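For reference, the chains in residue letters:
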Amino acid sequence: MTLVGVAMLALTAVAGVALLPVLPSSVAVHFGTGGDPDSFVAAPLGVLLIPVVGVGALAVTRLAGATGRGTSVPPVFDTILATFLAYVQALVLAHNLGARFDMFVAVVPVVVTFGVVAVVLDRAG
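Quick look at the structure, then.

What counts and what doesn't
Residues numbered from 1 in each chain as written. Predicted model: local features only at pLDDT ≥ 70, side-chain atom pairs only at ≥ 80, totals over all residues. Heavy atoms only, no water. Pairing = 2+ DSSP bridges. Helix = DSSP H or I, 4+ residues; strand = E, 2+ residues; numbered from the N terminus. Phe/Tyr/Trp six-rings, centres within 6.5 Å; stacked < 30°, edge-to-face > 60°. Contact = heavy atoms within 4.5 Å. 1 Å grid on protein atoms, 1.4 Å probe; cavity = no way out; pocket = protein on both sides within 12 Å on 5 of 7 lines; lining within 4 Å. Points joined across faces, edges and corners; volume = space filled by probe spheres on them. Axes fitted to C-alpha atoms, helices over the stretch in contact; angles between N-to-C directions. Parallel < 35°, antiparallel > 145°, perpendicular 65-115°, else oblique. Nonpolar A, V, L, I, M, F, W, Y, C, P; charged D, E, K, R; others polar.

Attention now goes to the pairing of strand E1 (residues 26–31). By the bridge criterion, 5 bridges tie E1 to strand E2 (residues 37–42) in an arrangement that is antiparallel. Bridge pairing in E2 places Val 27 opposite Val 41. Remark: 5 residues form the turn of the hairpin made by E1 and E2, two consecutive strands paired antiparallel; Gly 35 in that turn has positive phi of roughly 90 degrees.

We now examine the packing of aromatic side chains. On inspection of all chains with the given rule, the structure shows 2 aromatic pairs. Ring geometry for Phe 77 and Phe 114: centres 5.7 Å apart, planes at 45 degrees, overall tilted. Highlighted residues: Phe 77 in helix H3 (residues 76–96) and Phe 114 in helix H4 (residues 103–124), separated in sequence by 37 residues. Taking the centre distance of 5.4 Å and the plane angle of 25 degrees together, the rings of Phe 84 and Phe 114 count as stacked. Linking Phe 84 in helix H3 with Phe 114 in helix H4, this pair joins segments that are 30 residues apart in sequence. One aromatic cluster is present, built from ring pairs that chain together Phe 77, Phe 84 and Phe 114.

So, on to the side chain of Thr 12. The residue Thr 12 is located in helix H1 (residues 2–19) in this model. Setting aside its immediate chain neighbours within four residues, Thr 12 contacts Pro 51, Ala 86 and Gln 89.

This paragraph deals with the layout of surface pockets. Counted as a void, the largest pocket has a volume near 330 Å³. Lining the largest pocket are 17 residues, with Val 29, His 30, Phe 31, Val 88 and Met 103 sitting closest to its centre. If you list the elements that add at least two residues to the lining of the largest pocket, you get E1, helix H2 (43–67), H3 and H4. In terms of residue count, the dominant contributor to the lining of the largest pocket is H3 (5 residues).

Two elements in contact, H3 and H4, have axes whose closest approach is 11 Å; the angle formed by their N-to-C orientations is 180 degrees. Put simply, H3 runs roughly antiparallel to H4. Residues Val 76, Phe 77, Ile 80, Leu 81, Phe 84, Tyr 87, Leu 91, Val 92 and His 95 of H3 pack against Met 103, Ala 106, Val 107, Val 110, Val 111, Phe 114, Val 117 and Leu 121 of H4. Partitioned by chemical class, the residues of the contact of H3 with H4 number 16 nonpolar, 1 polar and no charged.

The following block contains the structure:
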């Protein structure tokens with residue numbers, strides 16, 4: 001399941017790199033509670049930021065459990081986390097390509113779903 005998560009994040013990175021020619025030179029990567037962008041970075045960094053952070057998070061979840069320095073999470077968590085991050089990456093890319101929507105409204109239902117799934121997995125495991 002971890003490899004599925006890594007593959008999903010790799011695909012978002014490839015999609016971002018493929019879109020570089022049509023993205024602005026500076027892209028929004030963070031949005032305030034009002035849904036407006038409040039942080040910008042150079043486009044190459046912007047398209048790789050979420051995938052790289054995501055792969056790092058997956059590595060931490062696997063290493064923490066493997067070394068006994070943290071609580072092991074079920075492998076399905078990796079795919080769920082990667083799906084969430086891929087969704088956020090798609091929203092960020094869409095916004096930077098000109099789509100206008102309230103980022104807060106687009107992300108909140110997914111964050112709630114992610115939280116519910118995490119609680120269910122924790123109680124099941």
